[in-house]
Amino acid sequence: MMISVVIPTYNREQPLRETLADAIRQNYDNFEVLVIDQTRTHELETQVYLNELANAGKIRWFRVDWASLPGARNYGVRRAVGEIILFIDDDVQLPDGFLAAHAGNYLQKPDVGCVAGRVFDRMKLDNSISGLAIEYLPPEAMDAAVAWYFIDLVHTVQPQQVLSARGCNMSFRRRIFAEWGLTFDERFAGSAVREESDFCLRLRSTNMKIWYDPDACLVHLGEESGGCHDVSTRSIEYQITFYHNHFLMGLKNLTAFQCLQFFAKLFDCQVLGNPPCHKSRSPLKIFLRLTFYLLGLISAIKTLIQSLWNDGQIYTHQDNINAK
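Residues numbered from 1 in each chain as written. Predicted model: local features only at pLDDT ≥ 70, side-chain atom pairs only at ≥ 80, totals over all residues. Heavy atoms only, no water.

I keep staring at the overall build of the chain and nothing clicks. Help me out?
From N to C terminus, the chain includes 11 helices and 9 strands. The globule rule puts the C-alpha radius of gyration for 324 residues at 20 Å, and the 19 Å found for the chain is close to it. In terms of overall dimensions, the chain has a C-alpha envelope of 55 × 45 × 40 Å along the principal axes. Contacts in the chain between residues far apart in sequence, at least 24 positions, make up 77% of those at least 6 positions apart. Per element, the accessible surface of the chain, about 14900 Å² overall, is 55% carbon and sulfur. Considering the chain, the positive charge centre built from 32 side chains and the negative charge centre built from 37 side chains are found 5 Å apart. (Helix = DSSP H or I, 4+ residues; strand = E, 2+ residues; numbered from the N terminus. Rg over C-alpha atoms; globule rule 2.2 N^0.38 Å. Contact = heavy atoms within 4.5 Å. Areas by Shrake-Rupley, 256 points an atom, 1.4 Å probe, with all protein chains shown as cover. Lys, Arg positive; Asp, Glu negative; His and termini not counted. Charge placed at Lys NZ, Arg CZ, Asp CG, Glu CD.)

So this is what it looks like as structure tokens:
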């Protein structure tokens, strides 16, 4: 079973080089590595390294002149040749057997369309409870209205069906894209938060399962610089797109009642700062977050209205035009 490893990257240097080194030395017989590179200019060391890997046939290196995580995922899907398409971030550490762990689930479970791997998130692990282990996630973790506050793919230790995967460690059968025509929604902007959640919710229409396997694990470094987008995390635009993406996911996939539940939880956590968000309770900061929350809602509604004549798949349409 061939695996296509797709790595979108933007403005990453040493972490990208280390991620690629881990990827190409995987002890798996049949795989390819695709780098969807959105970086305008690399450091010399990275440029030389990428050239060496590409010339040696160890990676397929694609350079694009735009920055969009869902756009880069779609770009990679259209060029991947594997039966399984595996997405990882450009700042991860992969153990031996990582690819084999993903592949084993598809060989053993024909009804599985997605494998969600375990993520040892460096930043979250630093703040986690020592020794915490979750056998099975609570029922709320399968409720699309509130699951996002109960899905823990860091501490969960037993394989099980889940509602969504984490974008830095998730794989899919190719037929999910080929037969059902699913794509990542390129309207998820900024950091593209919730783009993988949106995709996983739409995957339910195929009746295929999302299966969590703790053995398909990696370490996510969570580097502060670079990443998947070109919007500063301190900018007003980033803050608005953060809420826009949450509202867009909800409005696209949830019932009216579920939306009310989801938006209320989003307000309680992200605006008021209550657990698990633990944000500042300063009245000024709450007011600012409320402003971004409302602007994000307005922006998401505008996006959905525009979808009546524009599906927002800018980079996919651009790629299709260039391919003609």
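Before we go on, may I ask you to explain the state of the cysteines in this structure?
One covalent bond between the sulfur atoms of two cysteine residues makes up a disulfide. With the rule as written, the count across this model stands at 1 disulfide. Residue pairing for Cys269: its cysteine sulfur links by disulfide to Cys277, the two sulfurs lying 1.6 Å apart. Sign of the S-S torsion, about 95° for the bond between Cys269 and Cys277, identifies this disulfide as right-handed. A relative accessible area of 0% means that Cys269 is categorised as buried. Among the cysteines around Cys114, which has no disulfide bond, Cys200 carries the closest sulfur, lying 4.7 Å off. With a relative accessible area of 0%, Cys114 lands in the buried category. Cys269 provides the cysteine sulfur closest to Cys259, a residue in no disulfide bond, and the two sulfurs are 18 Å apart. (Disulfide = S-S within 2.5 Å. Buried < 20%, exposed > 50% of the residue type's maximum accessible area, 1.4 Å probe, protein only.)

Help me understand the pattern of salt bridges, please; the structure alone is not making it clear to me.
Enumeration over the complete set of coordinates arrives at 17 salt bridges. In this structure, the salt-bridge partner of Arg17 is Glu43, at a minimum N-O distance of 4.0 Å. Of this pair, Arg17 sits in helix H1 (residues 14-24) while Glu43 sits in the loop between strand E2 (31-37) and helix H2 (44-55), and the two are 26 residues apart along the sequence. For Arg17, a relative accessible area of 12% translates into the label buried. Glu43 sits in the partly exposed class, given a relative accessible area of 44%. (Salt bridge = Lys/Arg side-chain N within 4 Å of Asp/Glu carboxyl O.)

Even after reading the chapter, I still don't get the side chain of Asp37, so can you show me in this structure?
Position of Asp37 among the secondary structure elements: in strand E2. At 3.0 Å, the side chain of Asp37 forms a polar contact with the backbone nitrogen of Thr39. Among the polar contacts listed, one links the side chain of Asp37 to the side chain of Trp61, at a separation of 3.0 Å. Sequence-distant contacts of Asp37, defined by excluding residues within four places in its chain, comprise Thr9, His42, Leu50, Trp61, Phe62, Arg63 and Val64. (Polar contact = N/O pair within 3.5 Å; in protein donor to acceptor, adjacent residues only side chain to side chain.)

Sorry if this is basic, but what is going on with the pairing of E2 here?
Sheet faces and side chains relate simply in a regular strand, where the side chains alternate between the two faces. Taking burial as the measure, the 7 residues of E2 include 6 buried ones, the bulk of the element. As paired elements, strand E1 (residues 3-9) and E2 share 7 bridges and run parallel to each other. Pairing of Val6 across the sheet is with Leu34, part of E2. As for the winding sense of the linkage, the β-α-β connection from E1 through H1 to E2 is right-handed. Here 4 bridges tie E2 to strand E3 (residues 60-63), and the two strands are oriented parallel to one another. Paired with Val35 across the two strands is Trp61, which belongs to E3. Assessed by its sense of winding, the connection that carries the chain from E2 through H2 to E3 is right-handed. (Pairing = 2+ DSSP bridges. Right-handed = clockwise from strand over helix to strand, strands pointing away.)

How do you make sense of the side chain of Asn253 when you look at a structure like this?
With respect to the element layout, Asn253 can be found in helix H8 (residues 236-253). Within polar-contact distance, the side chain of Asn253 engages the side chain of Asp198 at 2.9 Å. There is a polar contact of 2.9 Å between the side chain of Asn253 and the backbone oxygen of Met249. Once residues lying within four places of it in the same chain are set aside, the contact partners of Asn253 are Asp198, Leu201, Arg202 and Arg204.

Please clarify how the pairing of E1 should be interpreted in this entry.
Most of E1 sits out of view: 7 of its 7 residues are buried. What you see with E1 is no split at all: Ile3, Val5, Ile7 and Thr9 on one side and Ser4, Val6 and Pro8 on the other are buried throughout. As paired strands, E1 and strand E4 (residues 84-88) are joined by 4 bridges and run parallel to one another. Within E4, the residue paired with Ile3 across the bridge is Ile84.

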